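# Survey of secondary and tertiary structure
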Amino acid sequence: MIVAMQEKATEEQIDNVIDAMVEAGVSVHRTTGAIQTILAGVGPTASLDLSKFELLPGVLHVHRISSPYKLAGRSFRPEGTVVEFRNGVKLGGERVVVMAGPCSIENRAQIFETAERVKAAGGSFLRGGAFKPRSSPYAFQGMGIPGLELMREAADAYGLLVISEVMEISQIEPMLPYVDCFQVGARNMQNFNLLRELGLVRTPILLKRGIAATIEEMLLSAEYILSGGNYNVILCERGIRTYETATRNTMDISAIPVVKKLSHLPIVGDPSHGTGRRDMVAPMARAAVAAGADAILVEVHPNADKAASDAAQTLYLDQFDKLMSELRVIAAAVGRTL
Ligand code: PEP
Ligand code: MN
(Lines give C-alpha, C1' and ligand atoms only; values in the text may rest on other atoms or scores of the structure.)
(Ligands and ions follow the chains in the order given, each with its own letter.)
Protein backbone atom coordinates (compact mmCIF):
# COMPACT_ATOMS: atom_id res chain seq x y z
CA MET A 1 0.00 0.00 0.00
CA ILE A 2 1.02 3.60 -0.62
CA VAL A 3 0.07 6.38 1.78
CA ALA A 4 0.72 9.79 0.25
CA MET A 5 0.86 12.47 2.93
CA GLN A 6 -0.41 16.00 2.42
CA GLU A 7 2.17 18.61 1.47
CA LYS A 8 1.87 20.26 4.87
CA ALA A 9 1.72 17.10 6.98
CA THR A 10 3.65 17.46 10.25
CA GLU A 11 6.25 15.01 11.54
CA GLU A 12 3.83 14.09 14.30
CA GLN A 13 1.13 13.20 11.79
CA ILE A 14 3.62 11.16 9.74
CA ASP A 15 4.76 9.27 12.85
CA ASN A 16 1.18 8.61 13.78
CA VAL A 17 0.47 7.06 10.36
CA ILE A 18 3.66 4.98 10.55
CA ASP A 19 2.57 3.67 13.97
CA ALA A 20 -0.84 2.72 12.61
CA MET A 21 0.74 0.90 9.66
CA VAL A 22 3.18 -1.00 11.90
CA GLU A 23 0.32 -1.91 14.19
CA ALA A 24 -1.52 -3.34 11.18
CA GLY A 25 1.48 -5.62 10.58
CA VAL A 26 3.10 -4.01 7.57
CA SER A 27 6.71 -2.82 7.31
CA VAL A 28 7.02 0.83 6.38
CA HIS A 29 9.42 2.42 3.89
CA ARG A 30 9.43 6.18 3.99
CA THR A 31 10.52 8.57 1.28
CA THR A 32 10.55 12.31 1.67
CA GLY A 33 10.18 13.94 -1.72
CA ALA A 34 10.44 17.59 -2.69
CA ILE A 35 6.68 17.97 -2.36
CA GLN A 36 5.34 15.30 -0.05
CA THR A 37 6.24 12.31 2.11
CA ILE A 38 5.24 8.89 0.83
CA LEU A 39 4.92 5.85 3.06
CA ALA A 40 5.00 2.46 1.38
CA GLY A 41 3.61 -0.41 3.43
CA VAL A 42 4.84 -3.86 2.46
CA GLY A 43 3.36 -7.05 3.86
CA PRO A 44 -0.11 -8.51 4.38
CA THR A 45 -2.08 -5.52 3.11
CA ALA A 46 -4.63 -7.46 1.06
CA SER A 47 -6.94 -7.96 4.02
CA LEU A 48 -6.57 -4.41 5.37
CA ASP A 49 -9.34 -1.86 5.22
CA LEU A 50 -7.43 1.05 3.70
CA SER A 51 -10.17 3.58 4.36
CA LYS A 52 -9.21 3.78 8.03
CA PHE A 53 -5.79 5.14 7.02
CA GLU A 54 -7.42 7.68 4.73
CA LEU A 55 -9.11 9.22 7.80
CA LEU A 56 -5.88 9.82 9.72
CA PRO A 57 -4.80 13.48 10.02
CA GLY A 58 -2.34 14.62 7.35
CA VAL A 59 -3.13 11.84 4.85
CA LEU A 60 -3.80 12.88 1.25
CA HIS A 61 -4.68 9.50 -0.25
CA VAL A 62 -4.12 5.77 0.17
CA HIS A 63 -4.01 3.13 -2.54
CA ARG A 64 -2.95 -0.43 -3.08
CA ILE A 65 0.07 -1.20 -5.26
CA SER A 66 -1.06 -3.59 -7.93
CA SER A 67 2.42 -4.36 -9.34
CA PRO A 68 4.46 -7.19 -7.77
CA TYR A 69 7.28 -4.74 -7.04
CA LYS A 70 6.27 -2.20 -4.41
CA LEU A 71 9.29 -0.03 -3.68
CA ALA A 72 10.71 -0.05 -7.22
CA GLY A 73 7.42 1.20 -8.68
CA ARG A 74 7.08 4.83 -9.64
CA SER A 75 4.37 5.54 -7.10
CA PHE A 76 6.91 5.21 -4.26
CA ARG A 77 8.77 8.26 -5.59
CA PRO A 78 6.74 9.89 -8.34
CA GLU A 79 9.35 12.57 -8.97
CA GLY A 80 12.13 10.01 -9.61
CA THR A 81 15.18 8.97 -7.62
CA VAL A 82 18.39 10.95 -7.84
CA VAL A 83 21.37 9.03 -6.46
CA GLU A 84 23.94 11.38 -4.97
CA PHE A 85 27.64 10.60 -4.80
CA ARG A 86 30.65 12.31 -3.29
CA ASN A 87 32.01 15.18 -5.45
CA GLY A 88 28.43 16.36 -6.00
CA VAL A 89 27.78 13.87 -8.83
CA LYS A 90 24.05 13.18 -9.16
CA LEU A 91 22.68 10.29 -11.18
CA GLY A 92 19.05 10.59 -12.23
CA GLY A 93 19.00 14.37 -12.56
CA GLU A 94 19.33 16.66 -15.54
CA ARG A 95 22.94 15.76 -16.23
CA VAL A 96 23.71 12.53 -18.06
CA VAL A 97 26.54 10.81 -16.16
CA VAL A 98 29.31 8.95 -17.97
CA MET A 99 31.02 5.88 -16.51
CA ALA A 100 33.99 4.63 -18.50
CA GLY A 101 36.99 2.39 -18.14
CA PRO A 102 38.34 -1.00 -19.09
CA CYS A 103 36.40 -4.22 -18.78
CA SER A 104 39.12 -5.41 -16.36
CA ILE A 105 41.73 -3.56 -14.36
CA GLU A 106 45.03 -4.92 -15.72
CA ASN A 107 47.93 -2.81 -14.44
CA ARG A 108 48.90 0.60 -13.12
CA ALA A 109 49.78 2.24 -16.44
CA GLN A 110 46.53 1.06 -18.06
CA ILE A 111 44.23 2.32 -15.32
CA PHE A 112 46.05 5.65 -14.77
CA GLU A 113 46.09 6.54 -18.47
CA THR A 114 42.42 5.59 -18.74
CA ALA A 115 41.51 7.67 -15.66
CA GLU A 116 43.29 10.74 -17.02
CA ARG A 117 41.48 10.51 -20.35
CA VAL A 118 38.06 9.68 -18.88
CA LYS A 119 38.29 12.75 -16.65
CA ALA A 120 39.56 14.98 -19.46
CA ALA A 121 36.68 13.89 -21.70
CA GLY A 122 34.10 14.75 -19.02
CA GLY A 123 33.41 11.35 -17.41
CA SER A 124 32.44 11.09 -13.75
CA PHE A 125 33.11 7.41 -12.98
CA LEU A 126 36.05 5.14 -13.62
CA ARG A 127 34.82 1.61 -14.21
CA GLY A 128 36.86 -1.61 -14.15
CA GLY A 129 36.32 -5.16 -13.00
CA ALA A 130 38.55 -6.67 -10.33
CA PHE A 131 36.41 -9.80 -9.96
CA LYS A 132 35.39 -10.96 -13.41
CA PRO A 133 32.53 -13.30 -14.32
CA ARG A 134 34.13 -15.05 -17.32
CA SER A 135 32.38 -17.64 -19.44
CA SER A 136 35.54 -19.77 -19.35
CA PRO A 137 37.32 -20.70 -16.11
CA TYR A 138 40.63 -20.44 -18.04
CA ALA A 139 40.10 -16.80 -19.07
CA PHE A 140 41.59 -13.88 -17.04
CA GLN A 141 39.61 -13.71 -13.79
CA GLY A 142 40.63 -10.21 -12.66
CA MET A 143 43.23 -8.76 -10.29
CA GLY A 144 41.07 -8.84 -7.16
CA ILE A 145 41.66 -6.35 -4.35
CA PRO A 146 45.13 -5.21 -5.58
CA GLY A 147 43.35 -4.13 -8.76
CA LEU A 148 40.82 -2.13 -6.77
CA GLU A 149 43.65 -0.43 -4.88
CA LEU A 150 45.13 0.70 -8.19
CA MET A 151 41.78 1.88 -9.53
CA ARG A 152 40.98 3.82 -6.35
CA GLU A 153 44.38 5.53 -6.52
CA ALA A 154 43.91 6.44 -10.18
CA ALA A 155 40.35 7.68 -9.61
CA ASP A 156 41.41 9.83 -6.66
CA ALA A 157 44.31 11.28 -8.65
CA TYR A 158 41.85 12.57 -11.26
CA GLY A 159 38.77 13.27 -9.15
CA LEU A 160 36.69 10.36 -10.42
CA LEU A 161 34.28 7.99 -8.68
CA VAL A 162 34.79 4.20 -8.79
CA ILE A 163 32.33 1.51 -9.90
CA SER A 164 33.26 -2.18 -9.87
CA GLU A 165 31.47 -5.51 -9.95
CA VAL A 166 30.76 -7.53 -6.83
CA MET A 167 30.18 -11.21 -7.56
CA GLU A 168 29.53 -12.69 -4.16
CA ILE A 169 28.65 -11.84 -0.58
CA SER A 170 32.16 -12.40 0.74
CA GLN A 171 33.50 -9.63 -1.55
CA ILE A 172 31.19 -6.89 -0.24
CA GLU A 173 33.08 -6.06 2.93
CA PRO A 174 36.60 -6.04 1.39
CA MET A 175 35.40 -3.94 -1.55
CA LEU A 176 33.64 -1.29 0.54
CA PRO A 177 36.69 0.96 1.09
CA TYR A 178 37.41 1.14 -2.65
CA VAL A 179 34.09 1.62 -4.42
CA ASP A 180 31.55 4.43 -4.69
CA CYS A 181 29.10 2.13 -6.42
CA PHE A 182 28.81 -1.67 -6.57
CA GLN A 183 27.93 -3.21 -9.90
CA VAL A 184 25.85 -6.37 -9.92
CA GLY A 185 26.51 -8.10 -13.23
CA ALA A 186 23.99 -9.61 -15.59
CA ARG A 187 24.84 -13.12 -14.43
CA ASN A 188 24.03 -12.21 -10.85
CA MET A 189 20.82 -10.26 -11.38
CA GLN A 190 18.91 -13.09 -9.75
CA ASN A 191 21.47 -14.00 -7.09
CA PHE A 192 18.89 -13.17 -4.44
CA ASN A 193 21.16 -13.80 -1.46
CA LEU A 194 23.70 -11.32 -2.84
CA LEU A 195 20.93 -8.78 -3.53
CA ARG A 196 19.60 -9.09 0.03
CA GLU A 197 23.06 -8.42 1.47
CA LEU A 198 23.45 -5.39 -0.80
CA GLY A 199 20.19 -4.09 0.64
CA LEU A 200 21.96 -3.78 3.97
CA VAL A 201 24.82 -1.55 2.81
CA ARG A 202 24.35 2.12 1.99
CA THR A 203 26.69 2.24 -1.00
CA PRO A 204 24.70 2.67 -4.24
CA ILE A 205 24.15 -0.41 -6.42
CA LEU A 206 24.08 -0.54 -10.21
CA LEU A 207 21.97 -3.57 -11.10
CA LYS A 208 22.42 -4.92 -14.61
CA ARG A 209 19.62 -6.63 -16.46
CA GLY A 210 20.12 -10.39 -16.74
CA ILE A 211 20.76 -11.82 -20.19
CA ALA A 212 17.33 -13.45 -20.28
CA ALA A 213 15.47 -11.26 -17.81
CA THR A 214 12.25 -9.40 -18.41
CA ILE A 215 11.98 -5.80 -17.23
CA GLU A 216 9.59 -6.96 -14.51
CA GLU A 217 12.16 -9.49 -13.27
CA MET A 218 14.80 -6.73 -13.17
CA LEU A 219 12.46 -4.54 -11.10
CA LEU A 220 11.77 -7.44 -8.74
CA SER A 221 15.52 -7.93 -8.30
CA ALA A 222 15.83 -4.22 -7.49
CA GLU A 223 13.06 -4.76 -4.94
CA TYR A 224 15.30 -7.21 -3.04
CA ILE A 225 17.85 -4.42 -2.52
CA LEU A 226 15.29 -1.70 -1.82
CA SER A 227 13.42 -3.80 0.72
CA GLY A 228 16.59 -4.01 2.80
CA GLY A 229 16.56 -0.22 3.06
CA ASN A 230 19.19 0.61 0.42
CA TYR A 231 17.21 2.96 -1.80
CA ASN A 232 20.20 3.91 -3.95
CA VAL A 233 19.60 1.49 -6.78
CA ILE A 234 20.43 2.25 -10.42
CA LEU A 235 19.25 -0.06 -13.21
CA CYS A 236 21.22 -0.90 -16.34
CA GLU A 237 20.17 -2.10 -19.78
CA ARG A 238 23.11 -4.09 -21.18
CA GLY A 239 21.44 -6.12 -23.87
CA ILE A 240 19.57 -9.39 -23.71
CA ARG A 241 20.05 -12.66 -25.54
CA THR A 242 17.79 -13.09 -28.56
CA TYR A 243 17.92 -15.20 -31.72
CA GLU A 244 19.91 -12.42 -33.43
CA THR A 245 23.59 -13.29 -33.90
CA ALA A 246 24.86 -10.13 -35.64
CA THR A 247 25.55 -8.58 -32.26
CA ARG A 248 26.71 -10.20 -29.01
CA ASN A 249 23.44 -9.18 -27.33
CA THR A 250 20.39 -7.28 -28.49
CA MET A 251 20.36 -3.91 -26.77
CA ASP A 252 16.80 -3.20 -25.75
CA ILE A 253 16.67 0.57 -26.07
CA SER A 254 12.93 0.48 -25.41
CA ALA A 255 13.70 -0.80 -21.90
CA ILE A 256 14.85 2.75 -21.09
CA PRO A 257 11.48 4.51 -21.55
CA VAL A 258 9.66 1.45 -20.16
CA VAL A 259 11.69 1.58 -16.94
CA LYS A 260 11.17 5.36 -16.74
CA LYS A 261 7.44 4.80 -16.86
CA LEU A 262 7.25 1.89 -14.42
CA SER A 263 9.92 2.90 -11.92
CA HIS A 264 11.45 5.89 -10.18
CA LEU A 265 14.93 4.35 -10.39
CA PRO A 266 17.55 5.84 -12.71
CA ILE A 267 18.52 3.76 -15.76
CA VAL A 268 21.91 3.44 -17.42
CA GLY A 269 22.64 2.32 -20.98
CA ASP A 270 25.61 -0.01 -21.55
CA PRO A 271 26.23 -0.08 -25.31
CA SER A 272 29.47 -2.07 -24.90
CA HIS A 273 27.92 -5.28 -23.59
CA GLY A 274 24.73 -4.31 -25.41
CA THR A 275 26.39 -4.85 -28.80
CA GLY A 276 29.74 -6.56 -28.22
CA ARG A 277 31.13 -4.68 -31.22
CA ARG A 278 33.34 -1.60 -31.14
CA ASP A 279 31.76 -0.10 -34.27
CA MET A 280 28.26 -0.37 -32.78
CA VAL A 281 29.04 1.16 -29.40
CA ALA A 282 28.75 4.83 -30.40
CA PRO A 283 25.44 4.51 -32.30
CA MET A 284 23.84 2.66 -29.38
CA ALA A 285 25.27 5.06 -26.81
CA ARG A 286 23.74 7.92 -28.79
CA ALA A 287 20.44 6.05 -29.01
CA ALA A 288 20.44 5.41 -25.25
CA VAL A 289 20.93 9.09 -24.43
CA ALA A 290 18.25 10.04 -26.95
CA ALA A 291 15.88 7.52 -25.32
CA GLY A 292 16.34 9.08 -21.89
CA ALA A 293 19.16 7.14 -20.20
CA ASP A 294 20.43 8.82 -17.03
CA ALA A 295 23.96 7.55 -17.60
CA ILE A 296 26.12 5.64 -20.06
CA LEU A 297 28.51 2.85 -19.06
CA VAL A 298 31.17 2.28 -21.70
CA GLU A 299 34.33 0.15 -21.95
CA VAL A 300 37.47 2.05 -23.00
CA HIS A 301 41.15 1.06 -22.98
CA PRO A 302 44.39 2.72 -24.15
CA ASN A 303 45.17 -0.35 -26.23
CA ALA A 304 41.67 -1.64 -26.85
CA ASP A 305 42.58 -4.52 -29.16
CA LYS A 306 44.88 -5.95 -26.52
CA ALA A 307 42.42 -5.67 -23.60
CA ALA A 308 42.49 -8.75 -21.35
CA SER A 309 38.70 -9.03 -21.61
CA ASP A 310 36.01 -7.74 -23.95
CA ALA A 311 38.57 -6.33 -26.43
CA ALA A 312 36.16 -6.55 -29.37
CA GLN A 313 33.70 -4.11 -27.80
CA THR A 314 36.20 -1.76 -26.15
CA LEU A 315 36.68 1.78 -27.49
CA TYR A 316 40.09 3.40 -27.96
CA LEU A 317 40.45 6.58 -25.92
CA ASP A 318 40.30 8.78 -29.04
CA GLN A 319 37.04 7.12 -30.04
CA PHE A 320 35.72 7.84 -26.57
CA ASP A 321 36.60 11.54 -26.94
CA LYS A 322 34.64 11.68 -30.18
CA LEU A 323 31.69 9.85 -28.62
CA MET A 324 31.58 12.32 -25.74
CA SER A 325 31.29 15.28 -28.07
CA GLU A 326 28.46 13.55 -29.94
CA LEU A 327 26.65 12.69 -26.72
CA ARG A 328 26.79 16.32 -25.63
CA VAL A 329 24.81 17.37 -28.71
CA ILE A 330 22.25 14.59 -28.22
CA ALA A 331 21.86 15.32 -24.51
CA ALA A 332 21.13 18.98 -25.31
CA ALA A 333 18.58 17.92 -27.92
CA VAL A 334 16.59 16.02 -25.26
CA GLY A 335 16.82 18.73 -22.61
CA ARG A 336 19.77 17.30 -20.67
CA THR A 337 23.40 18.23 -20.15
CA LEU A 338 26.46 16.02 -20.19
C1 PEP B 1 31.18 -5.87 -17.26
O2 PEP B 1 30.65 -4.79 -16.98
O3 PEP B 1 32.36 -5.97 -17.64
C4 PEP B 1 30.33 -7.09 -17.24
C5 PEP B 1 30.84 -8.30 -16.99
O6 PEP B 1 29.05 -6.83 -17.54
P7 PEP B 1 27.76 -7.79 -17.68
O8 PEP B 1 27.47 -8.29 -16.31
O9 PEP B 1 26.73 -6.87 -18.23
O10 PEP B 1 28.12 -8.89 -18.64
MN1 MN C 1 33.10 -6.33 -19.91
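Located above this text is the structure these notes cover.
About the cut-offs
Residues numbered from 1 in each chain as written. Chains lettered and ligands numbered in written order. Predicted model: local features only at pLDDT ≥ 70, side-chain atom pairs only at ≥ 80, totals over all residues. Heavy atoms only, no water. Near = heavy atom within 4 Å. Polar contact = N/O pair within 3.5 Å; in protein donor to acceptor, adjacent residues only side chain to side chain. Areas by Shrake-Rupley, 256 points an atom, 1.4 Å probe, with all protein chains shown as cover. Nonpolar A, V, L, I, M, F, W, Y, C, P; charged D, E, K, R; others polar. Patch = residues over 30% accessible without salt bridge, like charges linked within 9 Å, V, L, I, M, F, W, Y side chains within 5 Å. Salt bridge = Lys/Arg side-chain N within 4 Å of Asp/Glu carboxyl O. Lys, Arg positive; Asp, Glu negative; His and termini not counted. Charge placed at Lys NZ, Arg CZ, Asp CG, Glu CD. Helix = DSSP H or I, 4+ residues; strand = E, 2+ residues; numbered from the N terminus. Buried < 20%, exposed > 50% of the residue type's maximum accessible area, 1.4 Å probe, protein only. Axes fitted to C-alpha atoms, helices over the stretch in contact; angles between N-to-C directions. Parallel < 35°, antiparallel > 145°, perpendicular 65-115°, else oblique. Left-handed = near helix turned anticlockwise from the far one by under 90°. Contact = heavy atoms within 4.5 Å. Phe/Tyr/Trp six-rings, centres within 6.5 Å; stacked < 30°, edge-to-face > 60°. Pairing = 2+ DSSP bridges. Core = buried A, V, L, I, M, F, W, Y, C linked by side-chain atoms within 4.5 Å. Domains from an automatic or database assignment.

## Here we look at the site of ligand 1
Ligand 1 sits among 13 residues. The nearest are Arg127, Gln183, Ala186, Lys208 and Arg238. Measuring from an oxygen atom of ligand 1, one finds a backbone N or O atom of Ala186 at 2.7 Å. A distance of 3.2 Å separates an oxygen atom of ligand 1 from a polar side-chain atom of Glu299. Taken by itself ligand 1 offers 300 Å² of open surface, and the protein chains cover 97% of this. Split by residue class, the shell around ligand 1 holds 3 nonpolar, 3 polar and 7 charged.

## Digging into a negative patch on the surface
A surface patch of like charges, here negative, comprises Glu12, Asp15, Asp19 and Glu23. Mapped onto the elements, Glu23 comes out in helix H1 (residues 11–23). With relative accessibility at 72%, the residue Glu23 sits in the exposed group.

## Some remarks on the packing of helix H10 (residues 278–291) against helix H11 (residues 317–333)
Any two packed helices are characterised by how steeply their axes cross, that is the angle between the axes, and by the distance between the axes. One can describe the packing of H10 onto H11 by two numbers: an axis separation of 9 Å at closest approach and a directional angle of 20 degrees. One way to sum up the angle between H10 and H11 is to call them roughly parallel. As H10 runs across H11, the sense of the crossing is right-handed. Listed contacts from H11 to Arg278, Ala282, Ala285, Arg286, Val289 and Ala290 of H10 are Gln319, Leu323, Glu326, Leu327, Ile330 and Ala331.

## Focus: the packing of aromatic side chains
In this structure the tally under the stated criterion is 3 aromatic pairs. Taken together, a centroid distance of 4.9 Å and an interplanar angle of 85 degrees make the contact between Phe85 and Phe125 edge-to-face. In this pair, Phe85 is assigned in the loop between strand S5 (83–84) and strand S6 (90–91) and Phe125 in strand S8 (residues 125–127), connecting sequence segments 40 residues apart. Note on accessibility: Phe85 and Phe125 belong to one class, buried.

## Side note on the sheet that holds strand S2 (residues 27–32)
Hydrogen bonds between backbone atoms are what pair the strands of a sheet, whose relative direction is either parallel or antiparallel. Taken in spatial order, the 4 strands line up as S2-S3-S1-S4 in an open sheet, and their pairing is antiparallel. Both outer strands of the open sheet, S2 and strand S4 (59–63), are each paired with one neighbouring strand and no more. Strand after strand, the sheet turns through a mean of 15 degrees between neighbouring axes, direction not considered. Note that strand S1 (residues 2–5) and S4 share 4 bridges and pair antiparallel. The residue of S4 that forms the bridge with Ala4 is His61.

## A short note on the environment of Leu71
When you line up the elements, Leu71 lands in the loop between S4 and S5. The buried category is assigned to Leu71, whose relative accessible area is 0%. Ignoring any residue separated from it by four or fewer positions in sequence, one finds Leu71 in contact with His29, Ala40, Val42, Phe76, Glu223, Leu226, Ser227 and His264.

## Quick word on the nonpolar core
In this structure, Leu148, Phe182, Leu198, Leu235 and Phe320 are the most contacted members of the largest nonpolar core, which totals 76 residues. Each of domain 1 (2–66) and domain 2 (83–333) gives at least three residues to this core. With residues up to four places along the chain from it excluded, the contact list for Phe320 reads Val98, Ala100, Arg117, Val118, Ala121, Val298, Val300 and Leu315. Judged by nonpolar contacts, the second largest core, of 16 residues, contains Leu91, Phe125, Cys181 and Cys236.

## Side note on the packing of helix H3 (residues 108–121) against helix H4 (residues 145–158)
Across the interface, H3 lies against H4 with an axial gap of 9 Å and an inter-helix angle of 30 degrees. With respect to each other, H3 and H4 are oriented roughly parallel. Between H3 and H4 lies a crossing whose hand is right-handed. Contacts from Arg108, Ile111, Phe112, Ala115, Glu116 and Lys119 of H3 reach H4 at Leu150, Met151, Glu153, Ala154, Ala157 and Tyr158. Along the lines of polarity and charge, the residues of the contact of H3 with H4 split into 8 nonpolar, no polar and 4 charged.

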